[in-house]
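# Commentary on secondary and tertiary structure
Okay, here's what each chain looks like letter by letter:
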Amino acid sequence: MIDSHTHLHLCQEPDAELVAAADALGVTRMLTVGIDGASCRAALAAAEDFPQVFAAVGRHPNAARGFDDADLAELRALAAHERCAAIGETGLDFFRDSVPPREDQQRAFAAQIQLARDTDKPLVIHTRAAEQETLAQLAGEADGVSVVMHCFSMPEHLDECVQRGYAISFAGNVTYRSAGELAAAAARVPDELLLVETDAPYLTPQVVRKQRNQPAFVTHTAAFLAAVRGVSAAELGATVTRNAARVFGWA
């Protein structure tokens, strides 16, 4: 089993405790994701400390205000680390009035698309209240780049994402009682494009929703996906483990 997207630096528990709890349940690989310079460095440090952990380095759209050449240079240096397996999370987020200007988000997004291309690493996408704009920028700029749609939440665009060959990663929100359309979409994703994640400490799966999320809880979301897809938990685990190894290039 794998966790294709977590944020160890935002969890309350020590990294060692989180990794051990996940490992005890068979979660053998996880991608911890940076959202700014400091958290990217923390992600790389965790990846150095634990063989189960790899890092993604990027600038979250909510941290894209004033993004400039110096910010890109910092990301480029971080991306050269041998434990960096992906670029992101990046994308567009227009959910709140307080978010950085669209121009800043789009500039940061474009720079990270190019960085993913230059480094031949997959690009991890965040999108919220900006689905059409995110897909349009990817269509215009990310041809040939391996794309992971993190915390997939736009079932109305599933067919378009599948046609483009994007990896589709589901988080704990797919298990919520209100997420029927998302669960139906999860049943239709081709095997070779499916991933599962926690986005810890957020989006705790329904069966443990009163707790803060952690990488070990990816097993609950995986069990839910197995059920809606009509396969065993072991088969689902083998599928997402194989896909993550291909996408992120980890052994």
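Below is a short write-up of the structure. (Residues numbered from 1 in each chain as written. Predicted model: local features only at pLDDT ≥ 70, side-chain atom pairs only at ≥ 80, totals over all residues. Heavy atoms only, no water.)

### Section: the sheet that holds strand β2 (residues 29-33)
In spatial order, the strands read β1-β2-β3-β4-β5-β6-β7-β8; together these eight strands make up an open sheet with parallel pairing. The outermost strands of the open sheet, each flanked by one partner alone, are β1 (2-6) and β8 (194-196). Neighbour-to-neighbour, the strand axes of this sheet turn through a mean angle of 25°, independent of strand direction. Helix α2 (residues 37-49) rests against β2, β3 (53-57) and β4 (84-93) of the sheet, and its axis sits at about 160° to β3. In this fold helix α9 (residues 233-248) packs onto β1, β2, β4, β6 (147-149), β7 (167-170) and β8, with an angle of close to 100° to the strand it touches most, β8. (Pairing = 2+ DSSP bridges. Helix = DSSP H or I, 4+ residues; strand = E, 2+ residues; numbered from the N terminus. Axes fitted to C-alpha atoms, helices over the stretch in contact; angles between N-to-C directions. Contact = heavy atoms within 4.5 Å.)

### Description of the nonpolar core
One finds Leu-31, Leu-138, Met-149, Phe-170 and Phe-248 to be the most contacted residues of the largest nonpolar core, which totals 85 residues. When residues in this core are grouped by element, the largest group, six residues, is from helix α4 (residues 102-119). Excluding residues that lie within four positions of it along the chain, Met-149 makes contacts with Ile-125, Leu-135, Leu-138, Met-154, Cys-161, Tyr-166, Ala-167, Ile-168 and Ser-169. (Core = buried A, V, L, I, M, F, W, Y, C linked by side-chain atoms within 4.5 Å. Buried < 20%, exposed > 50% of the residue type's maximum accessible area, 1.4 Å probe, protein only.)

### Quick notes on the pairing of β4
Counting buried residues along β4, ten of its ten residues qualify, which places the element largely inside the surrounding structure. Direction of pairing for β3 relative to β4: parallel, over a ladder of three bridges. Considered in β4, the bridge of Ala-55 is made with Cys-84. One ladder, built from five bridges, connects β4 with strand β5 (residues 123-128); its direction is parallel. Each residue of the ladder has a partner; that of Gly-91, found in β5, is His-126. Each parallel crossover has a hand, and the one from β4 via α4 to β5 is right-handed. (Right-handed = clockwise from strand over helix to strand, strands pointing away.)

### Digging into the environment of Tyr-202
Of note, Tyr-202 is situated in the loop between β8 and α8 (218-229). According to the relative accessible area criterion, Tyr-202 is partly exposed, its value standing at 43%. With residues up to four places along the chain from it excluded, the contact list for Tyr-202 reads Leu-10 and Asn-213.

### A closer look at the pattern of salt bridges
Per the stated rule, a full pass over the model turns up nine salt bridges. Here Asp-71 makes a salt bridge to Arg-59, at a shortest N to O gap of 3.2 Å. With Asp-71 in helix α3 (residues 69-79) and Arg-59 in the loop between β3 and α3, this pair connects stretches of sequence that are twelve residues apart. Take Asp-71 and Arg-59: they sit in the same class, and that class is buried. Within this structure, Arg-41, Arg-59, Asp-71 and Glu-74 form a network of salt bridges that share partners. (Salt bridge = Lys/Arg side-chain N within 4 Å of Asp/Glu carboxyl O.)

### Some details on the packing of α2 against α3
Their axes nearest at 11 Å, the elements α2 and α3 cross at an angle of 5°. Judged on the interaxial angle alone, α3 and α2 are roughly parallel. In this structure, α2 uses Gly-37, Cys-40, Arg-41 and Leu-44 to contact α3, whose residues at the interface are Glu-74, Leu-75 and Leu-78. Split by residue class, the contact of α2 with α3 holds four nonpolar, one polar and two charged. (Parallel < 35°, antiparallel > 145°, perpendicular 65-115°, else oblique. Nonpolar A, V, L, I, M, F, W, Y, C, P; charged D, E, K, R; others polar.)

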